[in-house]
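An overview of the molecular structure
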Amino acid sequence: MSTLNHNLNNKPVGFFDSGVGGLSVYARFKKLLPFENTLYFGDLANMPYGNKTKEELISYARNILDFYKTKNVKAVVIACNTSSAQAYDVVKDEYDFKIYPIIQSCAKVIASSNLQRIGVFATEATVKSGVYTSELQKYNPDLQVKEIACPNWVPFVESSDYQNAVDDVSVQLNKMKLFAPEKIILGCTHYPYLKSVLTRFAPENLFIDPAEIFVNFIKNDMVLNNSQMTGSEEIFVSANPESFMQHSKIFYNVKKLPFLVLMNTMPEKILLH
Ligand code: DGL
């Protein structure tokens, strides 16, 4: 193996999302590729992303990608549908590391699954972009896609308020059922946290969580770390580390209180523990 490849292999992979949602991708990645060194960034200062403008989402993505540049990453995983939909196309060529967006990375696999009618639950900003529809139809022009925005679901998840989620989930599912989808994509990384509520009203196999497809795509595409060491990890947030710890539990066991990074100045790390 060349020295160059060896160095690249050991560099960390950065992940980001507005909050805990991207941990649904991160946890699968850690399981599939436990030797990789990883970083996770939860942008809680700007959460939720789903009601933000394109300009705001581009600026958040650039802040985080600039931060990851200082961390010498080999790749960044946009474990957030909203940022993939609104910011990825603009920022993708601005950095010298590979950037993996969740929607664009999964569309080909989902579109080639012989389905004719597919539903998508996503944030308002993702639905507004129409990127799920355009990416899926790029690979299967006959596929009919119905996207529905669920603006209350991220706040339910970030506050672990599963009780109050029940009525809203039932309303959105009833709306979607009128379209008679064969499958429904959970097009926001927070939504798989609502699986226990969703499955009160519909069978589990109706839903596609793109996270599994996504991590397999990354694994096949990325220069892998061949060491047999357990990968290191560091977790960062732009606000509310305690809240992040508390609400992350369903998907991932965050062992240490995250580092707080102030994003509007140069990245600065404050050790909280
Ligand atoms: N979890 C993110 C997504 O996949 C963003 C949710 C939000 O902050 O609104 O779209």
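Everything here concerns the structure above.
A brief look at the structure comes next. Small disclaimer: the values here were computed from a predicted structure and weren't measured.

Remarks on the pairing of strand S1 (residues 13-17)
- Of all 5 residues in S1, 5 are buried, a share of seventy percent or more.
- A two-sided burial pattern is seen for S1, the buried positions comprising Val-13, Phe-15 and Asp-17 on one face and Gly-14 and Phe-16 on the other.
- Bridge count between S1 and strand S2 (residues 38-42): 5 bridges; the pairing is parallel. Each bridged residue has a counterpart across the sheet, and for Asp-17 the counterpart in S2 is Gly-42.
- Inspection of the sheet shows S1 paired to strand S3 (residues 75-78) by 4 bridges, in the parallel sense.

Considerations on the packing of aromatic side chains
- Per the counting criterion, the structure on display carries 15 aromatic pairs.
- Considering the side-chain rings of Tyr-100 and Phe-217, the 6.3 Å spacing of their centres and the 80 degrees angle between planes classify their relative orientation as edge-to-face. One end of the pair, Tyr-100, is in strand S4 (residues 98-101); the other, Phe-217, is in helix H12 (residues 211-221), with 117 residues separating them in the sequence.
- Between Tyr-193 and Phe-251 the ring centres are 4.3 Å apart and the planes differ by 80 degrees, which places this aromatic pair in the edge-to-face class. Here Tyr-193, found in the loop between strand S7 (183-186) and helix H11 (195-198), pairs with Phe-251, found in the loop between helix H13 (241-247) and strand S10 (259-261); they are 58 residues apart in sequence, far enough to count as distant.
- Judged by its relative accessible area of 3%, Tyr-193 falls in the buried class.

Details of the packing of helix H6 (residues 102-111) against helix H8 (residues 131-139)
- Taken N-terminus to C-terminus, the directions of H6 and H8 make an angle of 45 degrees; their axes are 8 Å apart at the nearest point. Of the possible angle classes, the one that applies to H6 and H8 is oblique. Judged by the twist between their axes, the crossing of H6 over H8 is right-handed. Residues Ile-103, Gln-104, Ala-107, Lys-108, Ile-110 and Ala-111 of H6 lie in contact with H8, whose contacting residues are Val-131, Tyr-132, Glu-135, Leu-136 and Tyr-139.

Some words on the sheet that holds strand S5 (residues 117-122)
- The strand order S6-S5-S7-S8 describes an open sheet built from 4 strands, whose pairing is parallel. Each edge of the open sheet carries a strand with a single partner, namely strand S6 (144-149) and strand S8 (207-208).
- With 6 bridges joining them, S5 and S6 adopt parallel strand pairing. When the bridges of S6 are listed, Phe-121 appears paired with Ile-148.

Here is what the cut-offs are and how they apply
Residues numbered from 1 in each chain as written. Predicted model: local features only at pLDDT ≥ 70, side-chain atom pairs only at ≥ 80, totals over all residues. Heavy atoms only, no water. Buried < 20%, exposed > 50% of the residue type's maximum accessible area, 1.4 Å probe, protein only. Helix = DSSP H or I, 4+ residues; strand = E, 2+ residues; numbered from the N terminus. Pairing = 2+ DSSP bridges. Phe/Tyr/Trp six-rings, centres within 6.5 Å; stacked < 30°, edge-to-face > 60°. Axes fitted to C-alpha atoms, helices over the stretch in contact; angles between N-to-C directions. Parallel < 35°, antiparallel > 145°, perpendicular 65-115°, else oblique. Left-handed = near helix turned anticlockwise from the far one by under 90°. Contact = heavy atoms within 4.5 Å.

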